[in-house]
Amino acid sequence: MIDVHKLLEELSTYSSGGPGTTRLAYSEEWRNARRVIIREMEQLGLAIREDSMGNLFGRMEGKGFVNHPIGIGSHIDTVPQGGNYDGMVGVVAALSVVEQLQAAGGTQRPVEIILFAAEESSRFSVATMGSKAVCGQANFSEWLKMKDKEGKLFEKVIQENGFDPAKLAETVHQPGEWTAFLELHIEQGPMLERAGENIGIVSAIAGATRIKIFIEGRADHSGATPMGERTDALVAAAGVILAVEEAALAERRYGTVATIGNVIVSPGVTNVIPGATELWLDLRGTNKESVSRTFQQIKKDIDGICNGRGCGGKIEMISSADPVEMNEGIIELLSECADEEKLKYRVMPSGAGHDAMCMAQLTPTGMIFIPCKEGISHNPDEYTSPEEIDRGIRVLKRAVERLASQ
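This report concerns the structure included in the present document. Along each chain, numbering runs from 1 in the same order as the chain's sequence is written. Given that this is a predicted model, residues contribute local features only at a pLDDT of at least 70 and side-chain atom pairs are listed and counted only at 80 or more, while totals for whole chains, interfaces and linings are drawn from all residues. Side-chain descriptors were evaluated using all non-hydrogen atoms of the structure, hydrogens and water having been removed beforehand.

### Looking at the pairing of strand E5 (residues 180-186)
So the rule is basically this: Three labels apply to residues, based on accessible area from a 1.4 Å probe with only protein chains included: buried if under 20% of the type maximum, exposed if over 50%, partly exposed otherwise in between. Secondary structure is summarised from DSSP: a helix means a run of H or I of at least four residues, a strand means a run of E of at least two, and numbering begins at the N terminus for each. We treat two strands as partners when DSSP finds at least two bridges between them.
Among the seven residues of E5, seven are classified as buried, and the element is accordingly described as predominantly covered. A two-sided burial pattern is seen for E5, the buried positions comprising Ala180, Leu182, Leu184 and Ile186 on one face and Phe181, Glu183 and His185 on the other. Sheet analysis places strand E3 (residues 70-75) next to E5, joined by three bridges and oriented parallel. Its bridge partner being in E5, Gly71 is matched across the sheet by Phe181.

Here it is, written out as structure tokens:
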């Protein structure tokens, strides 16, 4: 029998080192962790297939004549120095649910576990790459030219993992191929724990906009250039960073958030005034109009700050996604399942992006949240208890049973 908690511990050992877990998509650590999931799928007797993005599918056939499965799953790649639960909980929960359904005699509809590749944007700056490919939202010609921070082309990386770039178009699926899709995930926020609630049922998922901001100043000698005669790109960038925070704070009643998560300074030495600065912005929310207003304010502020300091400023849009609503029927079903398990729950939005937001383009989709300690995620201290995981699995199993019996 699958021990969910031991399996999570085993997956956590596949990390490139440092605090927490670092398992970037398509890395050796990712491949090794993926083999663990394949091993578990094989032990369950599932029909296993993979596509050229590295998405992995394990299918339990149904007893009826209906061919369209219920999809369940998540991802196993992490951010650098991340935690052991983001994504992984959803994958091991899916394995446990299928095992329990097998023990109960199976289901009328097939049930398919999906392990999505490259959910995190940490390696190639594009989030949910695997599920975007599945749902026809990928720009493969552009993706193949993308490079990671070490300068490795995406095309080369997937080839090194044994996937064929010439077959990427075959990863695309059509609406209706799955009857429904469900994803179990830690909340990655503090609301459930603070309220003493066991389950969150996701109503909508925030759309993320990823932007690079380039600020051009002039590199000069740090000792010989008077303070009043500098065109310091990093000082201008500091003003932009503060302006980004202010723009998002002005829209906080709508749940809009903005983060500068990476600052690249050139030439990056102590005795040269920075001549160029690159900022990576993550802007997201569930209210499309609020996100748009925040973006427009940030653009206005960049122009004003850069002009005021004699710097050049420009932006490059990396990716943009609208907020995605979860299926009302699935929300109702998950609420009923939580009630039947006598668990406290709330219907709530997700500020974080997930593979479910892509799958919602193909099939009725829903998400189950479980609490995480102090709302911490993308951090070595990320934690959720075995009891909370088990509660989430109980709700997921009930929902899959209901959907797969139709």
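### Quick notes on the packing of aromatic side chains
Formally: Between the rings of Phe, Tyr and Trp (Trp by its six-membered ring), a pair exists once the centres lie within 6.5 Å; its type follows the angle of the planes, with under 30 degrees stacked, over 60 edge-to-face, and the other angles tilted. Criterion for a charge above a ring: Lys NZ or Arg CZ within 6 Å of the ring centre, and within 35 degrees of the ring normal.
Applying the stated criterion across every chain, the model contains eight aromatic pairs. Pairing Tyr26 with Phe154 gives two aromatic rings, centres 5.9 Å apart and planes at 70°, and the pair type is edge-to-face. In this pair, Tyr26 sits in the loop between helix H1 (4-12) and helix H2 (28-43) while Phe154 sits in helix H6 (residues 154-160), placing the two residues 128 residues apart along the sequence. Judged by relative accessible area, which is 2%, Tyr26 ranks as buried. A ring pair is formed by Phe140 and Trp143, whose centres lie 5.9 Å apart and whose planes are at 90°; its orientation type is edge-to-face. A residue pair is termed a helical-turn pair when its members lie 3 or 4 positions apart in one helix, as Phe140 and Trp143 do in helix H5 (residues 140-143) at three residues. Both residues of the pair, Phe140 and Trp143, belong to the buried class. Within the aromatic cluster, the residues linked to one another by ring pairs are Tyr26, Trp30, Phe124, Phe140, Trp143 and Phe154. Arg49 extends its terminal NZ or CZ atom over the ring of Phe57, reaching a point 3.9 Å from the ring centre. Cation over ring: Lys314 sits above Phe214, and NZ or CZ is 5.7 Å from the ring centre.

Structural measurements only, silent on function.
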